[in-house]
Amino acid sequence: MPRIVTLLPSATEIVCALGFEDQLVGRSHECDFPRSVVRVPALTEPKFNPEGTSAEIDQRVKKIVGDALSVYRVDAAKLRELRPGVIVTQSQCEVCAVSERDVEAAVAEWLGARPKIVSLAPYGLDDIFTDMQRVADALDAHARGTELVERLRARLGEIADKARGASVRPSVATIEWIDPLMAGGNWMPTLVEMAGASNLFGKAGEHSPWMKFDELAAKDPDVILISPCGFNMDRAAEDLPALTNRAEWSGLKAVRAGRVFMADGNQYFNRPGPRIAESLEILAEIAHPELFHFGYEGAGWRRLR
């Protein structure tokens, strides 16, 4: 059986969902689900200080990316020592995990057998399922991949079918970073539509776009979902004053109606793995509480009071 290293949280979740957790020998410092994977040695660390406000973190990340460097460091010596047969990384986002380029640099001096590098690139929802199958194929488990993808697609399809029966489609703005403001892109617009709502910002299959508060105010959404990338709800709440202290905030339709929600972006929406199904369930509960109740309130999302 191959020794597997995963360098981003969604890859770890995919490998475990396929039944290969026992073969996992290394992970990224952010891989934390299922909880049992924390026993596996971490091989990465950020090159920047992850403490501070959203604006400060944004500036540090932009400087590193501007210098054409990945924002994470991979421990090449430890990686070599583990001798993995398969390494799963990604090429979609320099901010999300160790890049394919960094992994190739870390293994460039190895002698003998080279590990198989699987580089995930999930831009839209379908890409997430394609990546799951690619990981399964790299592990010689094609049938397991097919079964996992079919099961997840069925869960998503069931929600989308039920949501079509909704009498109204609320307009939704998803916020993926608070300061500066960024809307949810990639798979998020598709999930919003599948949940029976109308997506206002960001295009399916495209990177998450920066936005201005004036644009948010002009479109005046029925629902605002705040799920910053890499943050849990408590951490995201620390940066909320950048929004809530604005004079125009209290006049927004979603604020007046009590339909501003926070969700755990780190565990769900920003993690393109098997829990994309849970992400849609959370969105469905928020958009249509009259139709859906999965029980995520409190743990997965909460209403901003």
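What comes next concerns the included structure. (Residues numbered from 1 in each chain as written. Predicted model: local features only at pLDDT ≥ 70, side-chain atom pairs only at ≥ 80, totals over all residues. Heavy atoms only, no water.)

Examining the pattern of salt bridges
Consideration 1: Under the counting rule described, the total for this entry stands at 16 salt bridges.
Consideration 2: In this structure, Arg-155 engages Glu-281 in a salt bridge whose closest nitrogen and oxygen atoms are separated by 3.0 Å. Of this pair, Arg-155 sits in helix 6 (residues 142-163) while Glu-281 is found in helix 12 (residues 276-287), placing the two residues 126 residues apart along the sequence.
Consideration 3: Among the residues examined, Arg-155 registers a relative accessible area of 30% and is labelled partly exposed.
Consideration 4: Judged by its relative accessible area of 8%, Glu-281 is buried.
Consideration 5: We note a salt bridge from Asp-161 to Arg-164, for which the minimum N-O separation is 2.5 Å.
Consideration 6: Put simply, Glu-13, Asp-32, Arg-271 and Arg-275 are held in one network by salt bridges that share partners. (Salt bridge = Lys/Arg side-chain N within 4 Å of Asp/Glu carboxyl O. Helix = DSSP H or I, 4+ residues; strand = E, 2+ residues; numbered from the N terminus. Buried < 20%, exposed > 50% of the residue type's maximum accessible area, 1.4 Å probe, protein only.)

Brief notes about the nonpolar core
Consideration 1: Residues Leu-125, Phe-129, Met-132, Val-135, Leu-191, Phe-269 and Leu-283 are the most contacted members of the largest nonpolar core, which totals 56 residues.
Consideration 2: In terms of residues, this core owes the most to one element, helix 12, which gives eight residues.
Consideration 3: Counting 23 residues, the second largest nonpolar core, distinct from the first, contains Leu-181, Leu-216, Ala-236 and Val-260. (Core = buried A, V, L, I, M, F, W, Y, C linked by side-chain atoms within 4.5 Å.)

Concerning the packing of helix 6 against helix 12
Consideration 1: Put simply, helix 6 and helix 12 touch, their axes get as near as 9 Å, and they point 10° apart. As the angle between them shows, helix 6 and helix 12 are arranged roughly parallel. Of the residues in helix 12, those in contact with Leu-152, Arg-155, Leu-156 and Ile-159 of helix 6 are Ile-276, Ala-277, Glu-278, Leu-280, Glu-281 and Ala-284.
Consideration 2: In the contact of helix 6 with helix 12, the residues fall into seven nonpolar, no polar and three charged. (Axes fitted to C-alpha atoms, helices over the stretch in contact; angles between N-to-C directions. Parallel < 35°, antiparallel > 145°, perpendicular 65-115°, else oblique. Contact = heavy atoms within 4.5 Å. Nonpolar A, V, L, I, M, F, W, Y, C, P; charged D, E, K, R; others polar.)

Re the packing of aromatic side chains
Consideration 1: Inspection of the entire model under this criterion finds five aromatic pairs.
Consideration 2: One aromatic cluster is present, built from ring pairs that chain together Tyr-268, Phe-292, Phe-294 and Tyr-296.
Consideration 3: Here Arg-144 stacks its cationic end above the ring of Phe-20, 4.5 Å away from the centre of that ring.
Consideration 4: Note that Lys-219 overlies the ring of Phe-201, its terminal NZ or CZ placed 5.1 Å from the centroid. (Phe/Tyr/Trp six-rings, centres within 6.5 Å; stacked < 30°, edge-to-face > 60°. Lys NZ or Arg CZ within 6 Å of the ring centre and 35° of its normal.)

A short note on the sheet that holds strand 2 (residues 24-26)
Consideration 1: Here four strands make up an open sheet; going across it, the order is 2-1-5-6 and the pairing parallel. Each edge of the sheet is formed by a strand with only one pairing partner; in this case those strands are strand 2 and strand 6 (116-120). Neighbour to neighbour, the strand axes of the sheet diverge by 30° on average, direction disregarded.
Consideration 2: Two elements, strand 1 (residues 4-6) and strand 2, share two bridges in a ladder whose sense is parallel. The partner of Ile-4 across the bridge, within strand 2, is Leu-24.
Consideration 3: Sitting on the sheet, helix 5 (residues 125-138) is in contact with strand 5 (86-90) and strand 6, with an inclination near 175° to strand 6. (Pairing = 2+ DSSP bridges.)

So, helix 6
Consideration 1: The end-to-end C-alpha distance of helix 6 is 32 Å, a good match for the 32 Å that 22 residues give at a rise of 1.5 Å each.
Consideration 2: Residues Gly-145, Leu-148, Val-149, Leu-152, Leu-156, Ile-159, Ala-160 and Ala-163 constitute the buried set of helix 6. One face of helix 6 carries all of its buried residues, which in axial projection span an arc of 100°. Facing away from the buried surface of helix 6 by more than 90 degrees, the exposed residues are Ala-143, Glu-150 and Glu-158.
Consideration 3: Along its buried surface, helix 6 packs onto helix 1 (9-17), helix 5, helix 7 (188-194) and helix 12. (Expected span 1.5 Å × (residues − 1). Arc of directions from axis to C-beta.)

Some words on the pairing of strand 5
Consideration 1: Burial analysis of strand 5 places five of its five residues in the buried class, the great majority of the element.
Consideration 2: Burial along strand 5 is two-sided: the residues Val-86, Val-88 and Gln-90 and Ile-87 and Thr-89 are all buried.
Consideration 3: Across five bridges, the pairing between strand 5 and strand 6 is parallel. Looking across to strand 6, one finds that Ile-87 is bridged to Ile-117.

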